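Chain by chain, the residues:
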Amino acid sequence: MQSEMKLFKEAFDERLKASISEDIKIVIKEQYADAFDVLTDCENSNLIPGIIGPPGVGKTLLLRAYAQKSKRELYWITGDEGVRPSHLVGAFNPSIVLNKGFTLEAFEPGPLLKSMVFGGVFGLNEGNRLSEYVQNSLLDPFEERSINVQRLGRIRASDGFFPVLTMNPEEMSGAHRLSEALRDRVRVWIRLGYPRKETEIEILKLNCPEYKLSDAVLEKVYGLVSSTRMNTDIEIPASIRAGISISRLAAEMTKRMKEKNITHSTLSKAATYVLVGALRFRPGIDPEPAVNSLVRRNLGVT
Ligand SMILES: Nc1ncnc2c1ncn2[C@@H]1O[C@H](COP(=O)(O)OP(=O)(O)OP(=O)(O)O)[C@@H](O)[C@H]1O
Ligand SMILES: [Mg+2]
């Protein structure tokens, strides 16, 4: 048991290092370059931005790249009804409190407090899903750049603290709305949509560095995923993420079968495996036949 613990610790430390040295691969042009610049402007002018875009369009990646460019950490949390203020700020560890009392040593900081203390980028994903009570606990940190930590005192955020919200467009309306008070603190809204064809193909390539994908295959993958974005039967279309998955799976299947090029049938198979779960159809539409016909229509019959 002792040695397993030691092995785990060594492997864990190694993984920590691997995560720090990880290089972010991002295509920064057009909307991504614009968004990056506006993030910089917001930070310099002390305004809090919100990034709005459909799933998988690169919101998190952009924030990660932004944090890395300025040599900061990205701390983030995804909102839901179960998130309490203590998940954002942190909490006392009762077993340490027993020995040390309510001291800093016994306190385990959460992502919001860490980013305020270390001066990091704080990404709040789907903040609209937080209860109003929790949303309200963000007003002070966002507006005054200060926060009261129970029993420890009020702190002022380090200069590098930069909160950014990310959200899907449909979250702007509907049942889960951003509270008026919090919405009022977000001053600048940056929209990210699906990129242009050439740019999305460049993103596909960047995310499949170990595979050689021909232009013809990339065109087909793009054609397929972009067709789902114009289909009125589909509520949630294929994201960039889905295109990456189809490309990678098709390339790997081809490799396994020791074939030279990705065939029509392999691409269709890979696309079906991915799209069955990636798309959300309007209620009443059976996903499996719908995906089959979508794939057949876009990639052709083999
Ligand atoms: N500009 C880009 N350059 C390189 N890769 C990108 C780019 N945009 C998106 N991607 C890739 O697309 C995938 C989805 O990106 P990301 O997770 O940032 O999306 P998101 O908008 O945060 O999605 P969600 O709304 O689901 O949180 C990732 O694999 C990412 O690497
Ligand atoms: Mg994200």
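Basis of the calculations
Residues numbered from 1 in each chain as written. Chains lettered and ligands numbered in written order. Predicted model: local features only at pLDDT ≥ 70, side-chain atom pairs only at ≥ 80, totals over all residues. Heavy atoms only, no water. Near = heavy atom within 4 Å. Polar contact = N/O pair within 3.5 Å; in protein donor to acceptor, adjacent residues only side chain to side chain. Areas by Shrake-Rupley, 256 points an atom, 1.4 Å probe, with all protein chains shown as cover. Helix = DSSP H or I, 4+ residues; strand = E, 2+ residues; numbered from the N terminus. Nonpolar A, V, L, I, M, F, W, Y, C, P; charged D, E, K, R; others polar. Domains from an automatic or database assignment. Contact = heavy atoms within 4.5 Å. Buried area = accessible area lost by both parts, 1.4 Å probe. Salt bridge = Lys/Arg side-chain N within 4 Å of Asp/Glu carboxyl O. Axes fitted to C-alpha atoms, helices over the stretch in contact; angles between N-to-C directions. Left-handed = near helix turned anticlockwise from the far one by under 90°. Pairing = 2+ DSSP bridges.

Enquirer: Could you give me a rundown of the site of ligand 1, with the residues and numbers involved?
Expert: Taken together, 18 residues surround ligand 1, and among them Val27, Gly56, Lys59, Thr60 and Arg241 come closest. Contacts to ligand 1 include Val57, whose backbone N or O atom sits 3.1 Å from an oxygen atom. Bound to the protein, ligand 1 loses 85% of the 630 Å² it would expose on its own. For the shell around ligand 1, the secondary-structure elements that each account for two or more residues are helix 3 (59–69), helix 10 (197–206) and helix 12 (240–256). Its residues assigned to classes, the shell around ligand 1 comprises 10 nonpolar, five polar and three charged. Viewed by domain, the shell around ligand 1 spans two of them, domain 1 (23–191) and domain 2 (197–299), each represented by three or more residues.

Enquirer: Just give me the short version of the domain arrangement of the chain, but keep the residues and values in it.
Expert: Domain annotation of the chain identifies domain 1 (23–191) and domain 2 (197–299). Relative to domain 2, the C-alpha centre of domain 1 lies at a distance of 33 Å. In this assembly, nine residues from domain 1 lie in contact with eight residues from domain 2. Here domain 1 packs against domain 2, burying approximately 830 Å² in sum over the two surfaces, 61% of which is carbon and sulfur. Sorting the residues of domain 1 by area buried against domain 2 places Lys25, Val27 and Gly56 first, and these three jointly supply 56% of that buried surface.

Enquirer: Can you tell me about the pattern of salt bridges, naming the residues and giving the values?
Expert: As a working rule, side chains carrying opposite charge can pair if their charged atoms are close by. Counting across every chain of the model gives 19 salt bridges. As a salt-bridge pair, Lys9 and Asp13 come within 2.8 Å of each other at their nearest N and O atoms. Of this pair, Lys9 and Asp13 both sit in helix 1 (residues 2–21), four residues apart, which is roughly one turn of that helix.

Enquirer: So what's going on with the packing of helix 10 against helix 11 (residues 215–228)? Residues and values would help.
Expert: Look at helix 10 against helix 11: their axes get within 10 Å of each other, and the N-to-C directions meet at 115 degrees. Helix 11 is crossed by helix 10, and the crossing has right-handed handedness. Contact residues: Lys197, Glu200, Ile201, Leu204 and Lys205 in helix 10; Asp215, Leu218, Glu219, Val221, Tyr222 and Val225 in helix 11. Among the residues making up the contact of helix 10 with helix 11, the classes are represented as six nonpolar, no polar and five charged.

Enquirer: An account of the sheet that holds strand 2 (residues 74–78) is needed here, citing residue identities and associated values.
Expert: Across the sheet, which stays open at both edges, the five strands sit in the order 2-5-8-1-9 with parallel pairing between neighbours. Edge positions in the sheet fall to strand 2 and strand 9 (186–191), since each has one partner strand and no second. Across the sheet, the mean angle separating the axes of adjacent strands is 25 degrees when strand polarity is ignored. Where strand 5 (residues 121–125) and strand 8 (residues 162–167) come together, five bridges link them in parallel fashion. Looking at strand 8, one finds that Asn125 is bridged to Thr166. Against the sheet, helix 6 (residues 111–118) makes contact with strand 2 and strand 5, and its axis sits at roughly 160 degrees relative to strand 2, the strand it touches most.

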